[in-house]
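Given next are the chains, with one letter for each unit.
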Amino acid sequence: TKFLVSENKKTRLKGLQLFHTRHWHASVKDMQKFLDRAGIDIPLEELKLVIKLCKACRMWMLPKQTPKDRMGGPERVNQQVEFDFLIYKNHPIGHHIDRYIRFSMLTVVATRELESCILCCLDWFRFLGHYAELHVAGEGAMASDEFGLWLQRKQIRRILAGKDQHLKIVERHNGLIRRT
């Protein structure tokens, strides 16, 4: 116990390592209980550090959880569609992609203004019908009130991506198109 009450942190940690192994690799809670009963006050951070550095305990720790997919994806075609503009060889192109089947449609337009947004949507409607949700970047004509009203009249819910957020699927496809 003389190591555990030492003023020197290095000596105290060495004593805690011995204490930890001699008590069958006790947990933080158990070590705290033992030390409290003995009247020895040791900071919780030091106890956690000893267990974190213990080779035998590290082997038995659970691995970090792997990232999981969200379960809120679309269940049918035209439920969720992403829309964005890309510039390809100095020509603006409206790019729709369905999140369910990953069907992609490109429409070459003159500008990236409101009329072009509507033209791209009408082009999609002609082939696949109306969609329920349209996910768009929160910038330019796609974020304008006029475009929002036009979509509302068609009973389409518009979801704007926030600042520094990206529409992952359509932007990934845009990158593939630019490389060709």
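Placed above this text is the structure.
Here is a short report on the structure shown in this document. By convention here, each chain's residues receive numbers from 1 onward along its written sequence. This being a predicted model, a pLDDT of at least 70 is required before a residue's local features are given, and a value of 80 or more before pairs of side-chain atoms are given or counted; all residues contribute to the totals for chains, interfaces and linings. For side-chain calculations, the full set of non-hydrogen atoms in the structure is used, while hydrogens and water are omitted.

Turning our eyes to something else, we now look at the pairing of strand β5 (residues 157–161). By the convention used here, strands pair only if DSSP detects at least 2 bridges between them. Under the scheme used here, helices are H or I runs from DSSP no shorter than 4 residues and strands are E runs no shorter than 2 residues, and both carry numbers assigned from the N terminus. Of the strand pairs in this sheet, strand β4 (residues 133–137) and β5 are connected by five bridges, and their pairing is parallel. Note on β5: the bridge partner recorded for E133 is R157. A crossover connection joins β4 to the parallel β5 through helix α6 (residues 145–153); in handedness this β-α-β unit is right-handed. Think of it like this: strands point away, you trace from the first strand over the helix to the second, and a clockwise trace means the crossover is right-handed.

Once that is clear, we can look at a nonpolar patch on the surface. Taken together, the side chains of V77, Y100, I101, F103, F127 and L128 present a nonpolar region at the surface, about 540 Å² in accessible area. Mapped onto the secondary structure, Y100 falls in the loop between β2 (91–98) and β3 (104–108). Patch criteria: residues need more than 30% relative accessible area and no salt bridge. Like-charged residues are merged within 9 Å; nonpolar side chains of Val, Leu, Ile, Met, Phe, Trp and Tyr are merged within 5 Å. Each accessible area is a Shrake-Rupley result for a 1.4 Å probe, and residues are judged covered by the shown protein chains and nothing else. We define a salt bridge as a contact between a side-chain nitrogen of Lys or Arg and a carboxyl oxygen of Asp or Glu at a distance within 4 Å.

Pairing in this open sheet of five strands is mixed, and the strands run β3-β2-β1-β4-β5 from one edge to the other. The open sheet has two free edges, formed respectively by β3 and β5, since each of these has just one partner strand. In this sheet, neighbouring strand axes are inclined to one another by 25 degrees on average, regardless of whether the strands run parallel or antiparallel. Here strand β1 (residues 80–88) runs beside β4; their pairing, made up of four bridges, is parallel. The residue bridging Q80 from the neighbouring strand is E133, located in β4. Throughout, a contact is declared for two residues whenever any of their heavy atoms are within 4.5 Å. Think of each axis as a best-fit line through the C-alpha atoms, taken over the contacting stretch in the case of a helix, with angles from 0 to 180 degrees between the N-to-C directions. Lying on the sheet, helix α7 (residues 168–179) is in contact with β1, β2 and β3; it crosses β1 at an angle near 30 degrees.

Positionally, S6 belongs in the segment before α1 (9–22). By the criterion applied in these results, polar contacts are pairs of N or O atoms within 3.5 Å in which, for protein atoms, one can donate a hydrogen and the other can accept it, and in which residues neighboring in sequence qualify only through two side-chain atoms. Here N8 takes part through its backbone nitrogen, which lies 3.2 Å from a polar atom of the side chain of S6. In contact with S6, not counting residues within four places along its chain, are T11 and R12.

Soluble globular proteins tend to bury their nonpolar side chains together. Note on terminology: a nonpolar core comprises buried Ala, Val, Leu, Ile, Met, Phe, Trp, Tyr and Cys residues joined through side-chain atoms within 4.5 Å. Exposure categories follow from relative accessible area, calculated using a 1.4 Å probe and restricted to protein chains: below 20% of the type maximum is buried, above 50% is exposed, and the middle band is partly exposed. In terms of nonpolar packing, the biggest core is built from 21 residues, with F83, Y131, L134 and F147 touching the most fellow members. Of all elements in the fold, only β1, α5 (114–128), β4 and α6 reach the threshold of two or more residues within this core. With near-sequence residues (within four places) excluded, Y131 lies in contact with N78, V81, H96, C121, W124, F125 and I156. Core analysis: the next-biggest nonpolar cluster, separate from the first, contains 14 residues, L13, M31, I40 and I51 among them.

A separate point is α1. Expected helix span is taken as 1.5 Å per residue step, with the number of steps being one fewer than the number of residues. With 14 residues, α1 should cover 20 Å at 1.5 Å per step; its first-to-last C-alpha distance of 20 Å lies within 8% of that length. Among all positions of α1, only R12, L13, G15, L16, F19 and H20 are buried. Projection of α1 onto a plane perpendicular to its axis shows the buried side chains occupying an angular sector of 160 degrees, all on one side. Of the exposed residues in α1, the ones pointing more than 90 degrees away from its buried face are K10, K14 and R22. Arc definition: it is the arc formed by the directions from the helix axis to the C-beta atoms.

Inspection of the secondary structure puts S104 in strand β3. Sequence-wise, S104 and L160 are 56 residues apart; in three dimensions their C-alpha atoms are separated by 19 Å. Residues in contact with S104, not counting those within four places in the same chain, are H95, H96, I97 and H173. At 2.5 Å, the side chain of S104 forms a polar contact with the side chain of H95.

Each Phe, Tyr or Trp ring, with Trp reduced to its six-membered ring, pairs with another whose centre is within 6.5 Å; inter-plane angles below 30 degrees give stacked pairs, above 60 give edge-to-face pairs, and intermediate values give tilted ones. Per the counting criterion, the structure on display carries seven aromatic pairs. Between F125 and W150, the ring centres sit 6.1 Å apart and the planes meet at 10 degrees, which makes this aromatic pair stacked. Placement of the pair is F125 in helix α5 and W150 in helix α6, with a sequence separation of 25 residues. W150 carries the same exposure label as F125, and that label is buried. Taken together, a centroid distance of 6.2 Å and an interplanar angle of 10 degrees make the contact between F147 and W150 stacked. One end of the pair, F147, and the other, W150, are both in helix α6, three residues apart, so they sit about a helical turn from each other. Exposure class is identical for F147 and W150. Each is buried. Through a chain of ring-to-ring contacts, three or more aromatic side chains come together here, namely F103, W124, F125, Y131, F147 and W150.

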